[in-house]
Amino acid sequence: ALWNICSWHKNQGEMQAGDKSDETGWEVYETCREHGALIVTGHSHTYSRTHVLSDMSSQTIADTTNPLEIIPRQTIAFVSGLGGRSIRGQENDGAHLASIYTEDQDANYGVLFITFNVNSDPTRARGYFKNINNEIIDQF
């Protein structure tokens, strides 16, 4: 497959903007990164996206440009936790976080969309987080 996605509910504290503690361990993040998989988690009742990272456990930034380029041994991680129960505040603002959307940014509920095979090119994808007010909060 050209695209791999790793997805699970819980996360590590440094991988999200909210107040959740370490719950998964770094091995799952590093395994996904080694395979160039996008990492999508939830649990935090916030939205955040990292820059492209070359090491998840130390939050080593490989690239900060947008559009993003995902290559083997590098990836990005998302927390898409604004599905509709509550919205929590921001507790983390690490330099590795490229986008943060929490109660502190007057967040509203929303959804992460990722479209693959953009312009009939299987190596390209487009992603964005859109809230229920039809506002695009993050795009990559």
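### Considerations on the overall build of the protein
Helices and strands together make up the secondary structure of the protein, namely one helix and 10 strands. Starting at the N terminus and walking to the C terminus, you meet the elements of the protein as β-α-β-β-β-β-β-β-β-β-β. Computed over its C-alpha atoms, the radius of gyration of the protein comes to 14 Å, within 12% of the 14 Å expected for a compact globule of 140 residues. Based on the C-alpha atoms only, the size of the protein along its principal axes is roughly 35 × 35 × 25 Å. A buried classification covers 42% of the 140 residues belonging to the protein. When contacts within the protein are restricted to residue pairs at least 6 apart in sequence, long-range pairs at least 24 apart make up 60% of them. Roughly 7,300 Å² of accessible area belongs to the protein as shown, and the carbon and sulfur atoms make up 44% of that amount. The distance from the centre of the 10 positive side-chain charges to the centre of the 18 negative ones in the protein is 7 Å.

### Digging into the pattern of salt bridges
Taken as a whole, this structure holds five salt bridges when the rule is applied. In this structure, R49 engages D138 in a salt bridge whose closest nitrogen and oxygen atoms are separated by 2.7 Å. With a gap of 89 residues between them, R49 in strand β3 (residues 47-50) and D138 in strand β10 (residues 136-139) connect regions that are remote in the sequence. Considered together, R49 and D138 belong to a single accessibility category, that of buried residues. Salt bridges sharing partners connect three or more residues here, namely E30, R33, E34 and R73.

### With respect to the sheet that holds strand β1 (residues 5-7)
As a general point, the strands of a sheet are linked pairwise by backbone hydrogen bonds and lie either parallel or antiparallel. An order of β1-β2-β6-β3-β7 is seen for the five strands of this open sheet, with the pairing classed as mixed. Each having just a single partner strand, β1 and β7 (97-101) make up the two edges of the open sheet. Strand-to-strand twist of the sheet, defined as the mean angle between neighbouring strand axes without regard to direction, takes the value 15°. Strand direction decides the pairing type here: β3 and β7, joined by four bridges, are antiparallel. Of the residues in β7, the one forming a bridge with T50 is L97.

Calculation rules
Counting restarts for each chain: residues are numbered from 1 in the order of the written sequence. Given that the model is predicted, a residue must reach a pLDDT of at least 70 before its local features are reported, and side-chain atom pairs must reach 80 or more before they are shown or counted; all residues, however, enter totals for whole chains, interfaces and linings. Calculated side-chain values reflect all of the structure's heavy atoms, with hydrogen atoms and water omitted. Think of it this way: any DSSP run of H or I at least four residues long counts as a helix, any run of E at least two long counts as a strand, and we number them from the N terminus. Our radius of gyration looks at C-alpha atoms and nothing else; its globule reference is 2.2 Å times the residue count to the power 0.38. Residue burial is assigned from relative accessible area. The probe radius is 1.4 Å, only protein chains are included, and a residue is buried under 20% of its type maximum, exposed over 50%, and partly exposed in between. Any two residues having at least one pair of non-hydrogen atoms within 4.5 Å are treated as being in contact. Areas reported here follow the Shrake-Rupley algorithm with a probe of radius 1.4 Å; residue values treat only the protein chains shown as occluding. Only four residue types enter the charge count, namely Lys and Arg as positive and Asp and Glu as negative; His and the chain termini do not. Think of each charge as sitting on NZ of Lys, CZ of Arg, CG of Asp or CD of Glu. We define a salt bridge as a side-chain nitrogen of Lys or Arg found within 4 Å of a carboxyl oxygen belonging to Asp or Glu. A pair of strands is treated as paired once DSSP finds two or more bridges between them. Working convention: axes come from line fits to C-alpha atoms, limited for helices to the stretch in contact. Angles between N-to-C directions cover 0 to 180 degrees.

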